[in-house]
2 protein chains.
Amino acid sequence: MPVVVPLAEIKKALASVDPLPLIEEGFVAYSRGLAVVPPVGELLFEDPPGDVHIKYGYIRGGDVYVVKIASGFVDNPKRGLPSGDGLMLVFDRSTGALRAVLLDEGHLTNLRTAVAGAVVAKYLAPRRVTAAGIVGAGVQGRMQLEWLRRVRAFDEAIVWGLDEAELAAFSRDMASTGLRIRTTLRAEDVAAAANLIVTCTPSTRPLLEAAWIRPGTHITAVGSDTSEKQELEAAILARADRVVVDSLSQSELRGEVYKAVSAGAIGRGSLVELGRVIDDPGLRRASEDEITVADLTGVAVQDIKISEAVWRAVGEP
Amino acid sequence: MPVVVPLAEIKKALASVDPLPLIEEGFVAYSRGLAVVPPVGELLFEDPPGDVHIKYGYIRGGDVYVVKIASGFVDNPKRGLPSGDGLMLVFDRSTGALRAVLLDEGHLTNLRTAVAGAVVAKYLAPRRVTAAGIVGAGVQGRMQLEWLRRVRAFDEAIVWGLDEAELAAFSRDMASTGLRIRTTLRAEDVAAAANLIVTCTPSTRPLLEAAWIRPGTHITAVGSDTSEKQELEAAILARADRVVVDSLSQSELRGEVYKAVSAGAIGRGSLVELGRVIDDPGLRRASEDEITVADLTGVAVQDIKISEAVWRAVGEP
């Protein structure tokens with residue numbers, strides 16, 4: 001029988017796990033061709049709108065394969081429900097036996113996404129961060145802000161959200177971090193104040209414009225993971241000195257890069273995969289003045305790494 | 001919280017479910033274009049050999065979407081383990097909330113596959129069955145034999161297996177059915193005695209040859225669900241009066257039809273989908289002399305139908 005782990009126990013187990021080096025290892029393995037990660041499975045719904053992603057695979061030489069299912073239904077909050085749900089499944093690679101059902105309700109997906117934001121910032125953000133900028137005042141915005149502090153020192157954050165109520169809740173929840181939180185309904189303000197920006201919304205139209213972006217800014221876009229979603233004007237990618245993706249193959253079908261390439265704003269020739277940036281110092285930010293962009297669509301290696309670690313921390317039933 | 005249902009409770013719940021009409025409805029919905037079933041997700045392993053299939057989707061207008069994961073690791077029995085494992089997941093179609101984790105250990109996949117064999121036989125087998133033939137003396141062979149009796153009357157079965165021990169176990173297990181069970185190590189004997197044959201092995205080389213097949217025989221091949229596996233000589237499909245598939249799109253990449261088309265033995269023009277055969281009496285067996293073949297690779301609609309029914313029978317937690 002597999003161990004079935006509810007969210008509260010997953011959170012307890014995470015106390016003994018440092019996901020940052022794990023997620024780094026995952027990206028490196030992926031870009032070195034050591035991971036078997038088939039194309040993302042996807043279901044898209046229109047009424048009510050929602051998307052479901054199935055990400056799965058294994059790392060060669062490892063003990064497990066993992067299947068992760070995560071959904072986002074943007075109208076859920078109107079019904080008093082969280083927008084995300086999901087679970088991760090850990091299987092024995094040599095027998096197919098199901099080892100663990102991690103009922104993470106989307107938390108591990110949120111976590112590995114926030115950690116990926118920190119990994120990106122570690123290698124691409126300017127050394128001196130004046131303020132962190134968050135576009136999207138949801139759960140992911142909160143988590144990104146916390147994880148960015150692992151890799152860069154900053155005292156101030158500016159946060160864009162859809163309405164004052166959402167922003168007030170964000171400020172309240174983040175008060176305990178000791179950060180000075182400024183909020184705004186104009187995304188332009190984020191670009192004016194912050195030089196390390198993360199966008200984390202389910203938007204299907206650009207929220208940040210190229211004209212607003214100052215030299216020396218790094219932007220990580222984590223919200224767009226389908227062919228419909230987009231957070232950055234394509235001209236931002238065209239203007240950037242470096243455009244990094246978590247997965248070259250996934251960027252052919254989804255995310256900011258897909259949108260920018262489809263619009264003819266950029267070619268694919270200069271794209272670099274995150275695992276290579278981690279591996280090769282020559283591919284990282286070269287000066288404090290560069291504009292850098294990372295487009296994260298979320299790769300199964302992140303799910304494999306985080307769920308295997310949680311399973312091991314929980315132990316056998 | 002989702003309801004987590006172990007195999008014993010799934011079996012109890014099945015007592016109040018008749019899967020045959022459900023599976024029929026599923027195939028009909030699928031062939032009418034009412035089901036959203038993306039391409040099968042697949043992981044193939046070499047050492048030890050195994051395959052994992054992820055089948056998922058929903059029926060338009062329904063309340064749920066379903067993700068099913070099933071594995072087959074052929075060397076497991078050498079280690080005292082069943083070759084198959086897996087689970088089915090039922091989600092709310094309008095919120096993405098996980099409703100049920102059915103820890104079926106592959107049983108529901110086995111069941112919906114056996115039921116599909118019965119659905120096929122209902123429409124394509126000769127009216128008078130002299131003996132049922134089973135190629136492959138495993139769990140699926142046992143279940144096929146039981147389900148075939150739902151749709152055709154017969155007293156005798158002839159079963160091919162890999163060795164005498166396997167066949168003795170099969171005969172012992174099936175004694176309570178009242179069927180006369182003959183066993184053989186020569187697949188030719190099955191073709192000589194039976195006019196309703198089901199092949200259910202993980203073989204990667206043909207087990208039945210065209211020269212052995214007598215007029216008036218129906219064969220359902222359920223074992224081959226990858227691009228590697230094959231149970232029927234391609235010439236059998238070429239000789240058949242009708243070749244039916246559960247999924248035209250899946251048959252482009254996997255199963256007997258994939259093998260026969262790749263070998264140039266048949267074209268795709270005359271293939272008919274099972275849901276259409278159920279819908280249209282003109283597409284069924286036209287005489288007792290026809291040779292008919294059905295190639296089943298397993299379609300997510302079967303998983304959707306069976307898991308939704310089990311979830312409803314179990315009830316909310």
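Residues numbered from 1 in each chain as written. Chains lettered and ligands numbered in written order. Predicted model: local features only at pLDDT ≥ 70, side-chain atom pairs only at ≥ 80, totals over all residues.

### Some words on the overall build of chain A
Definition in use: Per the convention used, a helix needs a DSSP run of H or I reaching at least four residues, while a strand needs a run of E reaching at least two, with both numbered from the N terminus. When we talk radius of gyration, it's over C-alpha atoms, and the globule rule is simply 2.2 Å times the number of residues to the 0.38. The exposure label follows from counting other C-beta atoms within 10 Å of a residue's C-beta, where the C-beta atoms are placed from the backbone and the thresholds are 20 or more for buried and 12 or fewer for exposed, leaving partly exposed in between. Two residues qualify as a contact pair if the distance between their C-beta atoms, derived from the backbone, is within 7 Å.
Within chain A, the regular secondary structure consists of ten helices and 15 strands. Computed over the C-alpha atoms, the radius of gyration of chain A is 19 Å, within 12% of the 20 Å expected from 2.2 N^0.38 for a compact globule of 317 residues. Dimensions of chain A, computed from C-alpha atoms along their principal axes, come out at roughly 55 × 45 × 40 Å. Taken across its 317 residues, chain A has 54% of its residues classed as buried. Here the contacts in chain A between residues at least 6 apart in sequence split such that 69% fall between residues at least 24 apart.

### Describing the pairing of strand E7 (residues 98–103) of chain B
All names here are of chain B. For clarity, the threshold we go by: DSSP-based pairing: two strands are paired if at least 2 bridges between them are found.
Where burial is concerned, most of E7 is hidden: six out of the six residues are buried. Direction of pairing for strand E1 (residues 3–6) relative to E7: parallel, over a ladder of four bridges. From the neighbouring strand, Pro 6 faces E7, where its bridge partner is Leu 103. Looking at chain direction, strand E6 (residues 84–92) and E7 are connected through four bridges and run antiparallel. Bridging across to E7, Met 88 finds its partner in Leu 102. What sits between E6 and E7 in their antiparallel hairpin is a turn of five residues, with Gly 96 showing a positive phi close to 80°.

### Points about the pairing of strand E12 (residues 218–221) of chain A
Residue and element names in this part refer to chain A. On E12, burial covers both faces: His 218 and Thr 220 on one face and Ile 219 and Ala 221 on the other are all buried. By the bridge criterion, four bridges tie strand E11 (residues 196–199) to E12 in an arrangement that is parallel. Looking at the pairing, Thr 199 lines up with Ala 221 of E12. Where E12 meets strand E15 (residues 292–295), four bridges bridge the pair, whose relative direction is parallel. Looking at E15, one finds that Thr 220 is bridged to Ala 294.

### Some details on the interface of chain A and chain B
Basically, it comes down to this: We call Asp, Glu, Lys and Arg charged. Ala, Val, Leu, Ile, Met, Phe, Trp, Tyr, Cys and Pro are nonpolar, and the rest, Gly among them, are polar.
Taken together, the contact between chain A and chain B spans 33 residues of the former and 33 residues of the latter. At the level of elements, strand E3 (41–46), strand E4 (49–59), strand E5 (64–72), strand E6 (84–92) and strand E7 (98–103) of chain A are the ones that each hand at least two residues to the side of chain A that touches chain B. For the side of chain A that touches chain B, the element with the highest residue contribution is E4(A), accounting for six residues. Class assignment for the residues of the side of chain A that touches chain B results in 22 nonpolar, eight polar and three charged.

### Comments concerning the sheet that holds strand E9 (residues 156–160) of chain B
Taken together, the eight strands give an open sheet; going across it, the order is E10-E9-E8-E11-E12-E15-E13-E14 (chain B), and neighbouring strands pair in parallel fashion. Of all the strands in the sheet, just strand E10 (180–184) and strand E14 (272–273) of chain B have a single pairing partner and so form its edges.

### Topic: the relation of the copies chain A and chain B
We apply this condition: The superposition of copies rests on a least-squares fit of C-alpha positions from residues with pLDDT of 70 or more in both.
Mapping chain A onto chain B calls for a rotation angle of 180° and an axial translation of 0.0 Å; the resulting RMSD is 0.0 Å. Taken together, the rotation angle and the small translation identify this as a two-fold axis. The position closest to the rotation axis in chain A is occupied by the C-alpha of A:Gly41, lying 3.5 Å away. Taken as a fraction of all interface residues of chain A, those also at the interface in chain B reach 100%, which identifies the copy contact as same-surface.

### What about the sheet that holds strand E14 (residues 272–273) of chain A?
Residues and elements named next belong to chain A. Filter applied, for reference: Interaxial angle, 0 to 180 degrees, is taken between N-to-C directions of lines fitted to C-alpha atoms, where a helix line uses only the stretch in contact.
The strand order E10-E9-E8-E11-E12-E15-E13-E14 describes an open sheet built from eight strands, whose pairing is parallel. Across the chains shown, the open sheet's two edge strands, defined by having one partner strand only, are strand E10 (180–184) and E14. Here helix H3 (residues 107–124) sits on the sheet in contact with E11, E12, strand E13 (242–245) and E15, set at roughly 160° to E12.

### A word on the domain arrangement of chain A
All names here are of chain A. We count it as follows: Residue ranges for the domains originate in an automatic or database domain assignment.
Assigned domains within chain A: domain 1 (3–108 + 301–314) and domain 2 (125–299). If you average the C-alpha positions of domain 1 and of domain 2, the two centres end up 23 Å apart. Across the contact, 16 residues belong to domain 1 and 14 residues belong to domain 2. For the side of domain 1 that touches domain 2, the elements supplying multiple residues, two or more each, are helix H2 (19–31), E4 and helix H10 (300–314).

### Re the environment of A:Leu179
Residue position: A:Leu179 is located in the loop between helix H5 (164–174) and E10. Setting aside residues up to four positions removed in sequence, A:Leu179 forms contacts with A:Asp155, A:Glu156, A:Ala157 and A:Met174.

### Topic: the packing of H2(A) against H3(A)
Residue and element names in this part refer to chain A. Here is the rule: Relative orientations are named as follows: roughly parallel for angles under 35 degrees, roughly antiparallel for angles over 145 degrees, roughly perpendicular for angles from 65 to 115 degrees, and oblique for any other angle.
The contact between H2 and H3 brings their axes to 9 Å, and the two run at 80°. What the angle tells us is that H2 and H3 run roughly perpendicular. Within the contact between the two elements, H2 uses Pro 19, Leu 20, Ile 23, Glu 24 and Phe 27 and H3 uses Leu 111, Arg 112, Val 115, Ala 116, Ala 118 and Val 119. Classifying every residue of the contact of H2 with H3 by side-chain character gives nine nonpolar, no polar and two charged.

### What to know about the environment of B:Leu208
All names here are of chain B. Of note, Leu 208 is situated in the loop between strand E11 (196–199) and strand E12 (218–221). By the C-beta count within 10 Å, which is 24 here, Leu 208 ends up buried. Beyond its immediate sequence surroundings of up to four residues, Leu 208 is in contact with Val 135, Ala 187, Ala 191, Thr 199, Glu 231, Leu 232, Glu 233 and Ile 236.

### A few points about the environment of A:Val90
Residue and element names in this part refer to chain A. Within the secondary structure, Val 90 is located in strand E6. Judged by local crowding, Val 90 falls into the buried class, with 28 C-beta atoms found within 10 Å. Along the chain, Val 90 and Ala 100 lie ten residues apart, while their C-alpha atoms are 5.0 Å from each other. If sequence neighbours within four positions are ignored, Val 90 has contacts with Val 64, Val 66, Arg 99, Ala 100, Ser 307, Glu 308 and Trp 311.

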